[in-house]
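Residue-level listing of the chains:
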Amino acid sequence: MSASDNMIPAPAVRSRPLIVRHLPYFIGAAVLVTLAAGMRFDGYILNILLQATTFSIAVFGLSVVLGLCGQINLAQAAFFGFGAYVVGLGTADLHLNFWLCLVGACAITLVAGAFLGMSTLRLGGHYLAMVTISFQQIVTLVMINAIGITHGPDGVANIRRPELFQNSQSYLAFCVAMLAIVGYLVWHLPDTKLGRAMRAVRDNELAAGVNGIDVFRTKIYAFGICALLGGLAGGLFAGGFAYVSPDQFSFAESIVFLTMSLLGGVASPIGSVIGTGLLILIPEWLRFLKSVPGLYLAIYGLFVILIIRFMPDGIWGFVADAFTRWRAHTKAPPAAAALQLKPATTGGDIVLEVTGLSKHFGGLKAVDGVDIAVKRGGVHALIGPNGSGKTTTLNVLSGLYKATSGRIVLDGTDITTMAPHQRTAAGLGRTFQNIRLFRSMTALENVEIGAERRGNTMVGKGDDALTERAMEALTFVGLGSRANELISSFSYGHQRLIEIARALASNPTLLLLDEPAAGLNSTEKLELHELLKRIAAQGLTILIIDHDMTLVSEAAQHITVLNFGRRIADGESMAVLRHPDVVSAYLGSE
Ligand code: ADP
Ligand code: MG
């Protein structure tokens, strides 16, 4: 962008300690807890507040699994019920200590959630929805029919509370405190390593994988946390009402939890509290309509539909989005030093050695016995007509596809069977032909994901170091001054640059670029060309796919040509471009 981006100014501002920045939150929470303990609510209000507080904690779970990680869970009422029954049966029938039962409720739901996740999260999408519904139904059936243990439809009565909070008012205060603590953790989850991984998985699973994130494990964590919060909330609910029965934890309740989450704003715990509060209060407000059958439900439904129609990200999402946009223009990003690329220099002369690589889709041999040897520190181009297997080759190299046969060695390590995030940890960085950015994040957050890869020796400990590295990479591609803007406000060409910055921030040993010039205008192409030169000047090895022969012949020392999945030429650039097979197969076809 502008020259000012490349000046080296004062070091980035260090953030104040967490505890100081968040003091207002804790003061607010303390006030609420005091109010809950001190105000004399009548029994009816008390029950509504107790319900809203415990339900909100269960809905926090959905804001983690669905809001942060993008995975559906239609069994939150089952986890909630699970927790309620553990505390209920534990304290009423087994006369166990309340705290022990509450911890047990959390542990059991965590394990149940993780197991359920492990068995289905690889399938994703519709399967996940179906399996969670089945789980929900099974839990309900067990509650109703395992009469010997659960008392069946009669439910569990005489559930006890801890000695400390025998009084309903003090128990409410305790639940509000729990809400504040859990809310705080969920609120800050997005800014942790795990939270960033979840958001990346939600936005773009493929890109998350090639940027070093273990997609499957991240989903399991999200699912486990969601279930745990359901169990905790259910345990608190059971203690609060002293009586639970199977109909309180049916599939319909899971849908209510989901609606609460979507209504308030699935991406934030604040949305969870708003949505839960509203869905508990609206029926109370509309109570006067109950004399007309049907009218109440119709108005209730209409209300929910209107909010979701006009605020697709929920009530809080609507507010937060405006805030993010406003902040992008007011909060100046920190200044950055020059980006250092320190590609590994150990190992042999060959960074990437591909032998006999094949990828077949049924009968189609998209890649067929290809050999490629990429020399350290050079630019190696992979060219060929459309459909010749270039992108497929890159996808097999980065682990998005399993090789049908062949061997891939990166810097002496055999990566042939590794998952994408493991290859990234081993030193592979890449961009996509059709840009894959994390669209709900800012440019800076996108690049931070790249910087966070395991084994990145260029990033020190802590979030400040991460931000610094990401700012350096963004500044390197000329977009440092727009770091806090959302992806949607960047032009196509700039989005490409952000994707390159994301890969560079990870300090890869080998950078794979799939048609970086595609879709760029001629000015942008020149800028890209200049950027590639600056990258290569730092000694980073690049394997690039491109159609622009000028770019290829100027930038690359070595060219491999594919046609119909086979390698038809390979060698020093000028010689390859004059090769008769290449001229006829590639250039001749245009
Ligand atoms: P290039 O990048 O060289 O233009 P591709 O690698 O994208 O070519 O595609 C090579 C061939 O493999 C094409 O015939 C394409 O249709 C086919 N192909 C690519 N991906 C898949 C897939 N996931 N399933 C089936 N066929 C595919
Ligand atoms: Mg392609």
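The following refers to the structure shown.

1. Describing the coordination of the magnesium ion (ligand 2)
Protein coordination at the magnesium ion (ligand 2) comes from Thr391 (OG1) and Gln433 (OE1), with a distance range of 2.0 to 2.2 Å. Highlighted residues: Thr391 in helix α16 (residues 390-397) and Gln433 in the loop between β6 (428-430) and α18 (443-451), separated in sequence by 42 residues. In this structure Gln433 comes out as partly exposed when scored by relative accessible area, which is 29%.

2. Quick notes on the nonpolar core
Residues Leu236, Val244 and Phe257 are the most contacted members of the largest nonpolar core, which totals 99 residues. For this core, the element with the highest residue contribution is helix α3 (residues 43-68), accounting for 14 residues. Excluding residues within four positions of it along the chain, Phe257 makes contact with Phe55, Ala58, Val59, Leu62, Gln76, Ala77 and Phe80. Counting 53 residues, the second largest nonpolar core, distinct from the first, contains Leu339, Ile435, Leu513 and Leu528.

3. Details of empty space enclosed by the protein
Scanning the model with the defined rule gives two cavities of 30 Å³ or more in all. Taken as a whole, the largest cavity encloses approximately 60 Å³ of empty space. If you trace the largest cavity, you find it lined by Gly493, His494, Arg496, Leu497, Pro516, Leu520, Glu524, Glu527 and Leu528. Contributions of two or more residues to the lining of the largest cavity are made by α20 (492-505) and α21 (522-537). In terms of residue count, the dominant contributor to the lining of the largest cavity is α20 (four residues). Its residues assigned to classes, the lining of the largest cavity shows four nonpolar, two polar and three charged. When its volume is computed, the second largest cavity comes out at roughly 30 Å³. Residue lining of the second largest cavity: Val210, Ser398, Pro420, Arg423, Thr424, Leu428, Gly429 and Arg430, and that is the complete set. Secondary-structure elements contributing two or more residues to the lining of the second largest cavity are α17 (420-425) and β6.

About the criteria used
Just so you know, the residues in each chain are numbered from 1, in the order the chain's sequence is written. Whichever chain is written first is A, and whichever ligand is written first is 1; the rest continue in order. In keeping with the model being predicted, local features are shown solely for residues with a pLDDT of at least 70 and side-chain atom pairs are shown and tallied solely at 80 or more, while totals for entire chains, interfaces and linings include all residues. The side-chain figures draw on all heavy atoms in the structure; neither hydrogens nor water molecules are used. With water omitted from the atoms examined, metal sites may look incomplete; donors here are N, O and S atoms no farther than 2.8 Å from the metal, or 3.2 Å in the case of Na, K and Ca. Starting at the N terminus, helices and strands are each numbered in turn, a helix being any DSSP run of H or I of at least four residues and a strand any DSSP run of E of at least two. Only protein chains enter the accessibility calculation, which uses a 1.4 Å probe; a residue is then buried when its area is under 20% of its type maximum, exposed when over 50%, and partly exposed in between. Throughout, nonpolar core names a set of buried Ala, Val, Leu, Ile, Met, Phe, Trp, Tyr and Cys residues whose side chains join them through atoms within 4.5 Å. Whether two residues are in contact is decided by their heavy atoms: any pair within 4.5 Å suffices. Only protein atoms enter the calculation, which uses a 1 Å grid: trapped sets of points that fit a 1.4 Å probe without letting it out are cavities, open sets showing protein on both sides within 12 Å along at least five of seven lines are pockets, and any residue with an atom within 4 Å of a point is a lining residue. Grid points are joined across faces, edges and corners, and a volume is the space filled by probe spheres set on the points. Only Asp, Glu, Lys and Arg are considered charged, only Ala, Val, Leu, Ile, Met, Phe, Trp, Tyr, Cys and Pro nonpolar, and every remaining residue, Gly among them, polar.

What is shown is where atoms sit, not what they do.
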